[in-house]
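# Tertiary structure, described
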Amino acid sequence: MKQSTGREQVARTDEIPIVLTEEARKFVQEVIRRSGERVDWCYQCGKCTAGCPVAFAMDIEPSRIMRLVQLGQGERVLKSKAIWLCVGCQTCTTRCPQEIDPAKIMDTLREMALEKGYIADREVVTFFKSFLDNIRKFGRSFEPMLVLQYNLKSGHLFQDADKGFVLLSKGKLPLRPSHNSASVKQIFEALEGRKR
Amino acid sequence: MKVAYYPGCTLASKAKAFDQTARWVAQKLDIELVELPQWQCCGGLVPQVADAVMGLLAPVRILADAQSIGDRLVTLCSFCYNTLKRANLIIQQDAERRQKVTDFLEQQYDGKVKVVHMLELIRDEIGFETVRSKVTRALTGIRVAPYYGCLLLRPSKEIGLDDPEDPTVMEQLLEALGCDVVDFPRKVECCGSFMIVNRPEIAAQCSATILRSASNLGAQLLVTSCPLCQFNLDWQQMRMLESNGEISPVPVLYFTQLMAMAMGIEPYLLGFEQHLVDPRPAVMELRL
């Protein structure tokens, strides 16, 4: 490596080493290991944020999430609302010039946040749990019950009542669930048996 | 041509019009759609999470059932297509997970069924020339904007249906039907997806951006292949039309509805009464 004078070191920030604490380093490695994605390749071009359809609503935009992960700022990232707002549309993944999959990293971060009990957006978790419960019960998605359960659990009692009324009047909502739930129940039961 | 068909939950409920018109069109194109005798939810988004042995059970069960019908499984819903195709890739490439899943399901499956979207089947096996030859009432003089959304195209390395930034399969189809195709810059943008449930105000903004763009470009119809995109754009549009004069109506149709129209379906079979923003005024102008 070329020897440089002190002056140059001040001017060229790329040569200033960033020292991570042991905890921070562990976090970066954990994200890379779980996602299989080289988050350290991100050079902050910002394309992910530019294309993200929900960046406008995020507390920390995708490119900043990437940078915070590189710096091992686990607490800030896992407690962010942003990771729960990502819908996985994969626009960022399609456009990343470094071929990193930020959507997958978001997914990994959600998983890590859940394990730590950090859920900055309770609604989305409630929604996914209600969805799985619905499939367990009916085999196929039965939306009237799904929405009812979600509303009860999330406390938004009358949310979507407007949608339900319109859909019903348009003949788009079934009044009875479809068949084929017995074998699906068996799958769920076997899975839970295995987990214990 | 005989192919296995997986409708998926929404095509049996909210998107019945999609299912009905697809079956009608398939018959016209000599495609025999054989619905799986027993099917359940494909799992939707759940199989996409990182450690997904559990999430693979639902899609693999569907794929394993399909192999007794044929070597291909056709779907129409973008969510189901994405889920089944990606699960199939995992089964092909990851022997360990394949073993776990097939042991659990007590069904043999090695990933040999090909998951195809109806659009793919039409483009690659039927051909747009054949489609053109079946058109009895060309849809000339109506401006139609194709809208792809996310899951039909991305992640492109795994899905590979078309160019993820500038797909053309729907444009080619619309041209074959005689439509005036709108060059639509927001055709691959996300509609807000399932956030309509947990963050409706954010989903509304995503959909509104797409609708404003379509309206500004003078589109008279939007065409999609995803029941969730259809719902989000239809719902948000209804609200925008009620509350302000910001946009003109751009009813959202499934591509099979448009195909069926061009191929001479009886209008009452189109399921237009299920739409929130009525497509009939726009369609009437065609004087079919």
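Residue positions within a chain follow its written sequence, with the count starting from 1. All chains are assigned letters beginning with A, and all ligands numbers beginning with 1, in the order in which they are written. Thresholds applied to this predicted model are a pLDDT of at least 70 for local features of residues and 80 or more for the giving and counting of side-chain atom pairs; totals over whole chains, interfaces and linings are not thresholded and use all residues. Only hydrogens and water are set aside when side-chain values are computed; all heavy atoms of the structure are taken into account.

### Quick notes on the pattern of salt bridges
Opposite charge on two side chains permits them to pair, given that their charged atoms come into close proximity. All names here are of chain A. The working definition used for a salt bridge is a side-chain nitrogen of Lys or Arg within 4 Å of a carboxyl oxygen of Asp or Glu. By the definition in use, this model includes 26 salt bridges over all chains. Note that arginine 34 and glutamate 111 form a salt bridge whose closest N and O atoms lie 3.0 Å from each other. Of this pair, arginine 34 sits in helix H2 (residues 22-35) while glutamate 111 is found in helix H8 (residues 102-116), placing the two residues 77 residues apart along the sequence. Here arginine 34 falls in the partly exposed class, since its relative accessible area comes to 24%. Helix and strand definitions follow DSSP, with helices as H or I runs of at least four residues and strands as E runs of at least two, each counted in order from the N terminus. When a residue's accessible area, from a 1.4 Å probe over protein chains only, is under 20% of the maximum for its type it is buried; when over 50% it is exposed; and in between it is partly exposed.

### Considerations on the environment of Asp107(A)
Among the structural elements, Asp107(A) can be located in helix H8. Remark: the alpha-carbon pair of Asp107(A) and Ile83(A), spanning 24 residues in sequence, is separated by 7.7 Å.

### Examining the interface of chain A and chain B
Interface size is often expressed as the accessible area that is lost when the parts come together. In this description, contact between two residues means that some pair of their heavy atoms is separated by no more than 4.5 Å. The partner chain B presents 51 residues to the 45 residues of chain A that form the contact. Buried area counts how much accessible surface, traced with a 1.4 Å probe, disappears from two parts once they are put together, with both parts' losses summed. Buried area between chain A and chain B, both sides added, is near 4,400 Å², and the carbon and sulfur share of it is 65%. The tally of links from chain A across to chain B stands at 2 salt bridges. In protein, a polar contact means a hydrogen-donor-capable atom and an acceptor-capable atom, both N or O and within 3.5 Å, with residues adjacent in sequence counting only if both atoms are side-chain atoms; elsewhere, any N or O pair within 3.5 Å suffices. Counting every contact that joins chain A to chain B gives 3 residue pairs in polar contact (both at pLDDT 80 or more). Listing elements by their share of the side of chain A that touches chain B, those giving two or more residues are helix H7 (91-95), H8, helix H9 (122-138), helix H10 (143-154), helix H11 (161-169) and helix H12 (182-195) of chain A. Under the convention adopted here, Pro, Cys and the residues Ala, Val, Leu, Ile, Met, Phe, Trp and Tyr are nonpolar, Asp, Glu, Lys and Arg are charged, and Gly plus all remaining residues are polar. Of the residues in the side of chain A that touches chain B, the class split is 22 nonpolar, 9 polar and 14 charged.

### Some points on the packing of helix H10 (residues 200-216) of chain B against helix H11 (residues 227-243) of chain B
Residues and elements named next belong to chain B. Between H10 and H11, whose axes approach to 9 Å, the crossing angle comes to 80°. Taken together, the axis directions place H10 and H11 in an arrangement best described as roughly perpendicular. Counting all contacts with H10, which are made through Ala204, Ser207, Ala208, Ile210, Leu211 and Arg212, the residues of H11 involved are Asn232, Leu233, Gln236, Gln237, Arg239 and Met240. Residues that form the contact of H10 with H11 fall into these classes: 6 nonpolar, 4 polar and 2 charged. Axes here refer to lines fitted to C-alpha atoms; in helices the fit is confined to the stretch in contact. Angles between the N-to-C directions go from 0 to 180 degrees. Here is the rule for angles: anything less than 35 degrees is roughly parallel, anything more than 145 is roughly antiparallel, 65 through 115 is roughly perpendicular, and the remaining ranges are oblique.

### Structural notes on the packing of H2(A) against H8(A)
For any two helices packed against each other, the geometry is given by the interaxial angle and the distance between the axes. Residues and elements named next belong to chain A. At a closest axis distance of 9 Å, the pairing of H2 and H8 adopts a crossing angle of 115°. At the point where H2 passes H8, the crossing takes the right-handed sense. Contacts between H2 and H8 pair Phe27, Glu30, Val31, Arg34 and Ser35 from the former with Lys104, Ile105, Thr108, Leu109, Glu111, Met112 and Glu115 from the latter. Residue classes in the contact of H2 with H8 are distributed as 5 nonpolar, 2 polar and 5 charged. Helix crossings get a hand from a simple test, with the near helix turned counterclockwise from the far one by less than a right angle marking a left-handed crossing and a clockwise turn marking a right-handed one.

### Examining a nonpolar patch on the surface
A surface patch of nonpolar side chains, about 280 Å² in accessible area, is lined by Met145(A), Leu148(A) and Leu152(A). Inspection of the secondary structure puts Leu148(A) in helix H10. Within the patch definition used here, like charges are joined within 9 Å and nonpolar side chains (Val, Leu, Ile, Met, Phe, Trp, Tyr) within 5 Å, considering only residues with over 30% relative accessible area and no salt bridge. Every accessible area reported is derived by Shrake-Rupley at a probe size of 1.4 Å, with residue values counting cover from the shown protein chains alone.

### Digging into the packing of aromatic side chains
Stacked, edge-to-face and tilted are the three classes for Phe, Tyr and Trp ring pairs, Trp counted by its six-membered ring, which pair at centre distances within 6.5 Å; planes under 30 degrees apart are stacked, over 60 edge-to-face, the rest tilted. If you walk through the whole model with that rule in mind, you get 4 aromatic pairs over all chains. Each ring, one from Phe18(B) and one from Tyr254(B), has its centre 4.1 Å from the other, and the planes form 5°; the classification is stacked. Residue Phe18(B) is located in helix H1 (residues 16-28), and its partner Tyr254(B) is located in strand E8 (residues 252-254); the two are separated by 236 residues in the primary sequence. You'll find Phe18(B) and Tyr254(B) in the same group, each marked buried. When the ring centre of Tyr118(A) is taken as reference, the NZ or CZ atom of Lys79(A) above it lies at 4.8 Å. Directly above the aromatic system of Phe231(B) lies the positively charged group of Lys14(B), at a separation of 5.5 Å from the ring centroid. We call a charge positioned above a ring when the Lys NZ or Arg CZ atom is no farther than 6 Å from the ring centre and deviates by at most 35 degrees from the ring normal.

### Some words on the sheet that holds strand E3 (residues 72-75) of chain B
To summarise the sheet geometry, strands pair through backbone hydrogen bonds and adopt either a parallel or an antiparallel arrangement. All names here are of chain B. For two strands to pair, DSSP has to find at least two bridges joining them. Pairing in this open sheet of 4 strands is parallel, and the strands run E2-E1-E3-E4 from one edge to the other. Edge positions in the sheet fall to strand E2 (32-35) and strand E4 (114-117), since each of these pairs with one other strand and no more. Ignoring which end each strand starts from, the neighbouring axes of this sheet average 40° apart. Of the strands in this sheet, E2, E3 and E4 are in contact with helix H5 (residues 118-126), which crosses E4 at around 90°.

### Here we look at the domain arrangement of chain B
All names here are of chain B. Taken domain by domain, chain B consists of domain 1 (2-118) and domain 2 (136-285). The domain limits used here are those given by an automatic or database domain assignment. Put simply, the middle of domain 1 and the middle of domain 2, counted by C-alpha atoms, are 24 Å apart. Taken together, the contact pairs 27 residues of domain 1 with 27 residues of domain 2. Of the roughly 2,300 Å² buried between domain 1 and domain 2 on both sides combined, carbon and sulfur atoms contribute 73%.

### Notes on the confidence of the model for chain B
Mean pLDDT over chain B works out to 93, with 97% of the residues at or above the 70 mark. Both confidence scores are given for the complex: pTM 0.88, ipTM 0.88. One number per residue, pLDDT, summarises how confident the predictor is, and it ranges from 0 to 100.

### Description of the pairing of strand E1 (residues 2-5) of chain B
All names here are of chain B. Bridge count for E1 against E2 is 4 bridges, and the pairing is parallel. Looking at E2, one finds that tyrosine 5 is bridged to glutamate 35. Bridging between E1 and E3 involves 2 bridges; their strand directions are parallel. Across the sheet, the residue bridging to alanine 4 is leucine 73, located in E3.

### Concerning H1(B)
Residue and element names in this part refer to chain B. With 13 residues, H1 extends 19 Å between its outermost C-alpha atoms, agreeing within 8% with the 18 Å of an ideal straight helix rising 1.5 Å per residue. For H1, the set of buried residues is Ala17, Phe18, Asp19, Thr21, Ala22, Trp24, Val25 and Ala26. Along its buried surface, H1 packs onto E1, E2, H5, H11, E8 and helix H12 (255-262). Directly after H1, the chain includes aspartate 30, whose backbone phi takes a positive value near 60°. Here a helix's expected span is defined as the number of its residues, less one, multiplied by 1.5 Å.

### With respect to the nonpolar core
Among the nonpolar cores identified, the biggest contains 165 residues, and Leu109(A), Leu73(B), Met118(B), Leu222(B), Phe255(B), Leu258(B) and Met259(B) are the most heavily contacted of them. Per element, the largest residue contribution to this core is 8 residues, and it comes from helix H2 (residues 53-66) of chain B. A domain split of this core shows at least three residues from each of domain 1 (2-118) and domain 2 (136-285) of chain B. Leaving out residues up to four positions away in the same chain, Met259(B) has contacts with Val25(B), Leu29(B), Ile122(B), Val131(B), Leu173(B) and Leu177(B). We call a set of buried Ala, Val, Leu, Ile, Met, Phe, Trp, Tyr and Cys residues a nonpolar core when their side-chain atoms join them within 4.5 Å.

### Topic: the environment of Val25(B)
Residue and element names in this part refer to chain B. Residue position: valine 25 is located in helix H1. The exposure class of valine 25 is buried, given its relative accessible area of 0%. Spatially, the C-alpha atom of valine 25 lies 9.8 Å from that of lysine 134, the residues being 109 residues apart in sequence.

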